[in-house]
Amino acid sequence: MPSHQTQVVIIGGGPSGLLLSQLLHRKGISSIVLEKHSRAHVLGRIRAGVLEHGFVNLMREAGCGARMDREGEIHGGFRIAHQGRLDRVDLAKHTGGETVMVYGQTEVTRDLYAARDAMGGVIVHGAQNVQLQALMGARSYVTWDQDGEAQRADCDFIVGADGFHGVSRKSIPADVLKEYEKVYPFGWLGVLSETPPVSDELIYARHERGFALCSLRSRVLSRYYIQVPLTDRVEDWSDAAFWNELKRRLPDEVAASLQTGPSVEKSIAPLRSFVAEPMRYGNLFLAGDAAHIVPPTGAKGLNLAASDIHYLYHGLLDHYLRGDSAGLDGYSQKALARVWKAERFSWWMTNLLHRAPDGTDTDLRLQRAELDYLFSSEAALSSLAENYTGLPY
Ligand code: FAS
Ligand code: PHB
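Residues numbered from 1 in each chain as written. Chains lettered and ligands numbered in written order. Predicted model: local features only at pLDDT ≥ 70, side-chain atom pairs only at ≥ 80, totals over all residues. Heavy atoms only, no water.

Enquirer: Just to check I follow, could you spell out the site of ligand 1 for this structure?
Expert: The local shell around ligand 1 holds 29 residues, among which Ser16, Glu35, Arg45, Arg47 and Gln105 are the closest. Within the contact set of ligand 1, an oxygen atom lies 2.9 Å away from a side-chain nitrogen or oxygen of arginine 47. In the environment of ligand 1, an oxygen atom lies 3.3 Å from a nitrogen or oxygen atom belonging to the backbone of glycine 301. For ligand 1, whose accessible area on its own is 1000 Å², the fraction buried by protein is 85%. Within the residue set of the shell around ligand 1, elements represented by two or more residues are α1 (15–25), β3 (31–35) and α9 (301–322). (Near = heavy atom within 4 Å. Polar contact = N/O pair within 3.5 Å; in protein donor to acceptor, adjacent residues only side chain to side chain. Areas by Shrake-Rupley, 256 points an atom, 1.4 Å probe, with all protein chains shown as cover. Helix = DSSP H or I, 4+ residues; strand = E, 2+ residues; numbered from the N terminus.)

Enquirer: I'm lost on the domain arrangement of the chain in this one. Help?
Expert: Accessible area lost upon the coming together of the parts serves often as the stated size of an interface. According to the domain assignment, the chain contains domain 1 (3–74 + 99–181 + 272–348) and domain 2 (184–271 + 356–389). Placing the centre of domain 1 and that of domain 2 at their C-alpha centroids yields a distance of 29 Å. Listed as interface residues are 25 residues of domain 1 and, on the opposing side, 21 residues of domain 2. The largest share of the area that domain 1 buries against domain 2 comes from Ile46, Glu73 and Trp348, three residues that together contribute 27% of it. Counting every contact that joins domain 1 to domain 2 gives 1 salt bridge. Measuring nitrogen to oxygen at the nearest pair gives 2.6 Å for the salt bridge that ties arginine 219 to glutamate 73. Where domain 1 packs against domain 2, one counts 9 residue pairs in polar contact (both at pLDDT 80 or more). Looking at the side of domain 1 that touches domain 2, the elements with two or more residues in it are β8 (100–102), β18 (263–277) and α11 (331–353). No other element matches the 5 residues that α11 contributes to the side of domain 1 that touches domain 2. (Domains from an automatic or database assignment. Contact = heavy atoms within 4.5 Å. Buried area = accessible area lost by both parts, 1.4 Å probe. Salt bridge = Lys/Arg side-chain N within 4 Å of Asp/Glu carboxyl O.)

Enquirer: Mind showing me how you'd approach the site of ligand 2 here?
Expert: Around ligand 2, 14 residues are found, and the nearest of them are Tyr204, Ser215, Arg217, Tyr225 and Pro296. A distance of 2.8 Å separates an oxygen atom of ligand 2 from a polar side-chain atom of tyrosine 204. One of the backbone N or O atoms of threonine 297 is found 3.1 Å from an oxygen atom in ligand 2. With the chains in place, 97% of the 280 Å² that ligand 2 exposes on its own is no longer accessible. For the shell around ligand 2, the elements supplying multiple residues, two or more each, are β16 (212–218) and β17 (221–228). The element that contributes the greatest number of residues to the shell around ligand 2 is β16, accounting for 3 residues. For the shell around ligand 2, the class distribution of residues is 8 nonpolar, 3 polar and 3 charged. (Nonpolar A, V, L, I, M, F, W, Y, C, P; charged D, E, K, R; others polar.)

Enquirer: Help me understand α1 in this model?
Expert: Side chains three or four residues apart in an α-helix point the same way, a direct result of the helix having 3.6 residues per turn. Burial analysis of α1 places 10 of its 11 residues in the buried class, which makes it a mostly covered element. Taken as a whole, α1 has its buried residues at Pro15, Ser16, Gly17, Leu18, Leu19, Leu20, Ser21, Gln22, Leu23 and Leu24. (Buried < 20%, exposed > 50% of the residue type's maximum accessible area, 1.4 Å probe, protein only.)

Enquirer: Explain the sheet that holds strand β11 (residues 140–146) here, please?
Expert: Sheet strands pair by backbone hydrogen bonding; their relative direction is either parallel or antiparallel. Taken in spatial order, the 4 strands make up an open sheet running β1-β12-β11-β10, and their pairing is mixed. Among the strands making up the open sheet, the edge pair consists of β1 (3–5) and β10 (128–133). Going from strand to strand, the sheet's axes swing by 20° on average, the running direction of each strand aside. (Pairing = 2+ DSSP bridges. Axes fitted to C-alpha atoms, helices over the stretch in contact; angles between N-to-C directions.)

Enquirer: Would you mind going over the environment of leucine 177 with me for this structure?
Expert: On the secondary structure map, leucine 177 appears in the loop between β13 (157–160) and β14 (178–193). A relative accessible area of 17% places leucine 177 in the buried class. Spatially, the C-alpha atom of leucine 177 lies 9.0 Å from that of tyrosine 281, the residues being 104 residues apart in sequence. In contact with leucine 177, other than residues within four places in its own chain, are Arg169, Ile172, Ala276, Glu277 and Pro278.

Pasting the structure below:
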């Protein structure tokens, strides 16, 4: 069996795994990334669109920020459409100047792959049947099948950056792992269209027919979502039906200026809040979606992966360069503290803007009161703004 030696094996070639591999390599710490799918498959996914300033800074620290800074859009605010009004949340005003970067996760991942290639990073695509071994040992190892041939990599640490459906979290014994989950009774039907965005900033819409979101990837590429029942399938929705429903949920003046076009991607994503504790077991560290999932309403999913990677990167640096393992020992507690605050914010924003199928008239009045309070209180807007732009790492 071909065998490899490295310091860190990273399972998952998504943004979490690639970002950590790139950061470590720049400091002379070796890693191998094992990715189940082809690069084309990974880059074919359409996911997040909003980056917190913490993520932006981490991409720059990894030497991967040039195209993001060139092509991404800095947004100082977003709008909420509700009760016939279109109110702006001025992020910069309520955070002393903080903003967000609008730049798609697909492009983030593309930039990370390019950077790994430029540095000769070791990324294995098509790694099948990945198995984590000797997690509690002095050293650990990972086995996998590559083109039908068994492979092995011996390492000091394993980072599970393999997403919600990955193998890493499931490698933690059931009597050690505690999982927390809330499944929402609706999903998001998302469409990507090669059309100019309807607005210069994002519009989150609360409507009696359900939630909608107008987002973008560039001045010629738009991303739209509508809340749909969990029973809906993407084939139930023609492009025309999607555009008509989206328009019904937007203010008249916004709907009138919406430029529609053929969907270049259309998918339904379920919404859930999920956290697995602890995020460390022996030599295994979980990061990103492998450890937690948030409903995308607060644009926190990808951004939580970034703070995990920040903590893990510095913990590994201190371990290898200074012989200090305090950062690794404190990783799970530190990461989870920020994860749970983002879970709270995402849950709050989801309840604020979605129409619960079993919601009562009282629920609707409470939701309206929450919005009325939000836009009547500087303190409430400041709380929303500091969470949306990203709580400190
Ligand atoms: P990822 O899931 O991105 O990457 C994990 C990688 O591990 C994948 O490439 C997978 O192929 C690989 N893998 C899995 N099992 C493996 C195994 N056994 N062996 C080897 N490799 C394995 N977040 C937002 O902020 N805004 C959004 O709008 C948004 N929309 C989303 C829509 C969808 C459909 C999904 C699923 C997520 C969305 N997210 C959104 C969240 C998303 O952006 C994640 O937070 C982000 O992808 C997290 O990155 P990773 O932790 O790297 O996990
Ligand atoms: C997106 O552009 O895909 C996006 C933006 C903001 C969100 C969720 C998704 O809250």
